[in-house]
Structures are given as C-alpha cells and as structure tokens.
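Take a look at the letters that make up each chain.
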Amino acid sequence: MAVATLALFGFLLAMYLWLWKIGLLGGIACGTGSCEAVQFSEHAVMFGIPVAFFGVVGYLGLLITSLAGLQPAWIDRREPAILLATISGVGVAFSGYLTYLEAVVIEAWCRWCLVSAAIIGMIFLTALAELWARVRTEALFTGSSA
Amino acid sequence: MAQSVNLKPFYVALGVVAVAGGAWIVSAAGGKTVTIPEIATGAAFSGYTLGSDSAKVEIIEYADFQCPACAMFTILTSPDVRSRLVNTGRVRWTFRDFPLPIHPKAPVAHLAAACAGDQGQFWAMHDQLFYNQGAWVQGRTRKLVDGYAQVIGLEMSEFKQCMSDQRHVDRIAATRNAGQQLGVSSTPSFIIGDQLIAGSISIDKFIEFVERAERANEQQ
C-alpha cells in the first residue's frame, strides 16, 4: 500500500512536469528553484521524448504493479515484489543520473525533480523491504513444512 | 499465509489523492493569469502583426525561438488560432521577442527573424525557425538559418549584411525588457485584453479570453 501511495504521488508529479514541458500548463510552480533552467536544458529530452514522460510511464507501471500485488490472486506471490524492486531500481539509477546532470552539467536544481528522486528512492527501499520480508516468510513456511 | 485486509478505505484514500492531484493539474492548465496595468501594453516596438488592423481584440505573444513549448504551441495550437480567430478578423496577433538567457542560440534566431522582417518575411522565418527548431538548436545554427532564408526567398546579401551588422540586437533586447516590465517571465506568454497568461493554452481557452476581451470592449 505504501508503494502504491508513493507511486501515485510520483505519477501526479511526473504528469505535471510532462504537461508543463509540452506546453499545456502555465508557468511552472517552482518556488526558489531553477525548474525552468533544468526543464529547458537539452538534457530534459532523451531520444526525442521529454524525460518527465519516462517518469509518467515508470510511476504508472509501479502503481499498477503495486495494486495488482494487493489482489487475492497475487498477494501470496513474490513476482509483484520482484517487479516493483526491479522497476524502482531502474528508476533510482535513472534519477541518480538526472541528479548528477543537475549538479554537474546543468548546474541548476529543479526541486520537483529532487522530490521525484526522493519518492523513487523510498519506493525502492520499501519494495526491497517487502521483498526481503516475503522471502523470509516463505523460508519460514518452507522450513516448518519440511 | 496472507491476512485478510479490508482494502476499501485504502482505495478510497487513493482515489481522493488521485482526484485532488488531477484537479491541481487541471487548474494549472488554464495558464497563470494576472491583470496588467491598462497603459502597460504599449512598447517602443509594437511587434510583428498578423490579421486585420480593425480587429477588436489584440493578442500579444511573447516567445523565444529556442523555447520548446513555444515551438509546440506554434505547431499544434497556432494553426487553429490563425484560422478561427485571426483569419476571421476577430483578432490581431502580435509577436514580440522574448529570448531567454538560458537559450544560447535564441539571439541568432531572433536576429534572423528580424532581418527577414526587414524584407517583409518575418512570419515565413518565424515558421521556419519553430518548425525546424530541433535542427538549428542541435546543428550549425548560422548555416541552417541561412538555408531557411534562402527557402523563403530572401535577398541573401541583404540578409547576411543585416545579420553581420547585428542590426536589430538592441531593439530585440528592448522588446524583451519591455515584456519583463509587464511581468512576462516565461515563454510563451500572452496578453489578451488586460490579462497576462503565462504558458500555452488551448484554442478553447483563447476563444474564452477573446470573448471576455470583446465583452470588455463593448462595455467601454
């Protein structure tokens, strides 16, 4: 449930940044940050696609997977937890790269991007903890039935 | 192994967050609007215009040729605005330069458009620059811009002289400064009547703002 909640927040945030990037929103609400400098930089687009759109897709994938994992058919299986840890692991690596670009190449900080990096980091840690707990539980049950 | 948990409250809470977040995004989609002083729309350079001088409403666009959102607006929304509002005589469209400091290639592009404007081809160059933005931003800008000048039929020696003289650089900077004084801080921004709208808006929103400005004009 924690992953689904975090993924929903991440999805809304990425959607906001993506819609702004493609020109459908007004001025970006960024406080004292430099969101525009980051979003207007050449690194805000990869393979012709706005970086924020990768976030939209990634968070949506995490949301769907986490909700599917709560369903009776999947709740006792470890596959959703593995998938969550994998997707969020890729997300953490990607966010780490983007944060590096902000710090070293662009030399400007987009606070929404940092919030997204924090969210994906929390999802990854939560997914890992969940996977670890599941593996331990399965080991206990396997041990007790042997 | 699994405990039976009632997920209904969780789904409800998740739904509330989704609706609230969606509403927040939709509310931002109308563009941020502020009321500007009545006298403030005047500037030393009035801008490049499209449409009838007798149109009752003027829309002033502040744009940066290197701004992706401006290009997106020009490609996706502007054709509708031109056909439904400008070509029908309801609106006179005015373009004003607002090159952002974070865009290193914008000054060349704005200068090229102004030099094309000297030969009466501002809008042709405007469209070339926005439709080919990806190319000249990534590639050899001057060479590509010269190519666009040839495509739209400019007299090349005059165009190149204008570019090398940097003839319009001061005027472009002045236009940008005047825009800043009006409160423009991002691109694209639009002035419709007494409203400054930051960010691109849909054709329906444009029509809404134009109708509002028309009503305000009638009341005066």
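Residues numbered from 1 in each chain as written. Chains lettered and ligands numbered in written order. Predicted model: local features only at pLDDT ≥ 70, side-chain atom pairs only at ≥ 80, totals over all residues.

Q: Got a minute to help me understand the packing of helix α2 (residues 68-86) of chain B against helix α9 (residues 203-219) of chain B in this structure?
A: What describes two packed helices is the angle between their axes and the distance between those same axes. All names here are of chain B. It is at 10 Å that the axes of α2 and α9 come closest, and there the two elements cross at 40 degrees. Accordingly, the angle class assigned to the pair α2 and α9 is oblique. Considering only the axes of α2 and α9, their crossing is right-handed. Contacts between α2 and α9 pair Thr77, Asp80, Val81, Arg84 and Leu85 from the former with Ile203, Phe206 and Val210 from the latter. A breakdown of the residues in the contact of α2 with α9 according to their chemical character gives five nonpolar, one polar and two charged. (Axes fitted to C-alpha atoms, helices over the stretch in contact; angles between N-to-C directions. Helix = DSSP H or I, 4+ residues; strand = E, 2+ residues; numbered from the N terminus. Parallel < 35°, antiparallel > 145°, perpendicular 65-115°, else oblique. Left-handed = near helix turned anticlockwise from the far one by under 90°. Contact = placed C-beta atoms within 7 Å. Nonpolar A, V, L, I, M, F, W, Y, C, P; charged D, E, K, R; others polar.)

Q: Looking at this structure, how should I read the pairing of strand β6 (residues 195-198) of chain B?
A: The two faces of the sheet receive side chains in turn, since in a regular strand these alternate between them. Residues and elements named next belong to chain B. Looking at chain direction, strand β5 (residues 189-192) and β6 are connected through four bridges and run antiparallel. Along β6, the bridge assignment pairs Ser189 with Ala198. Between β5 and β6, which follow one another and run antiparallel, lie two residues, and Gly193 among them has a positive phi close to 65 degrees. (Pairing = 2+ DSSP bridges.)

Q: Would you mind showing me how to read the confidence of the model for chain B here?
A: The predicted coordinates should not be examined in detail at positions where pLDDT is low. All names here are of chain B. For chain B, the mean per-residue pLDDT works out to 87, and 90% of the residues sit at or above 70. Within chain B, the lowest mean pLDDT, 59, falls on strand β1 (residues 32-35), and the highest, 97, falls on helix α4 (residues 122-131). Note on residues 38-43: pLDDT is under 50 here. Beyond four places in sequence and across chains, it has six contacts. (pLDDT = per-residue confidence, 0-100.)

Q: Even after reading the chapter, I still don't get the nonpolar core, so can you show me in this structure?
A: It is characteristic of soluble globular proteins that their nonpolar side chains tend to be buried jointly. The biggest cluster of nonpolar side chains holds 55 residues, and the ones touching the most others in it are Ala109, Ala112, Ala113, Ala116, Val145, Ile192 and Val210 of chain B. For this core, the leading source of residues is helix α3 (residues 106-118) of chain B, giving nine residues. Residues within four places of Ile192 of chain B in sequence aside, it is in contact with Val57, Ile59, Ile197, Phe209, Val210 and Ala213 of chain B. Grouped together as the second largest cluster of nonpolar side chains are 37 residues, Phe11, Trp20, Cys113 and Ile123 of chain A included. (Core = buried A, V, L, I, M, F, W, Y, C linked by C-beta atoms within 7 Å. Buried ≥ 20, exposed ≤ 12 C-beta atoms within 10 Å, placed from the backbone.)

Q: For this particular structure, what's the right way to read the pairing of strand β3 (residues 57-63) of chain B?
A: Residues and elements named next belong to chain B. For β3, the buried fraction is high: seven of the seven residues fall into the buried class. Side chains Val57, Ile59, Glu61 and Ala63 of β3 all project onto a buried face; the interleaved residues Glu58, Ile60 and Tyr62 project onto the opposite face, where all are buried too. Sheet topology note: the β3/strand β4 (residues 91-97) ladder contains seven bridges and is parallel. Within β4, the position partnered with Tyr62 by the bridge is Arg96. Here β3 pairs with β5 via four bridges, running antiparallel. When the bridges of β5 are listed, Tyr62 appears paired with Ser189.

Q: What am I meant to see in the environment of Glu42 of chain A here?
A: Residue and element names in this part refer to chain A. Within the element layout of this structure, Glu42 appears in the loop between α2 (35-40) and β1 (45-46). Residue Glu42 is classed as exposed on the basis of its 11 C-beta neighbours within 10 Å. As for Glu42 and Ile106, which are separated by 64 residues in sequence, their C-alpha atoms are 9.2 Å apart.

Q: Would you take a moment to explain the confidence of the model for chain A for this structure?
A: With 86% of its residues at a pLDDT of 70 or more, chain A shows a mean pLDDT of 84. Taken element by element, chain A is modelled with least confidence in α2 of chain A, mean pLDDT 69, and with most confidence in helix α3 (residues 51-69) of chain A, mean pLDDT 93.

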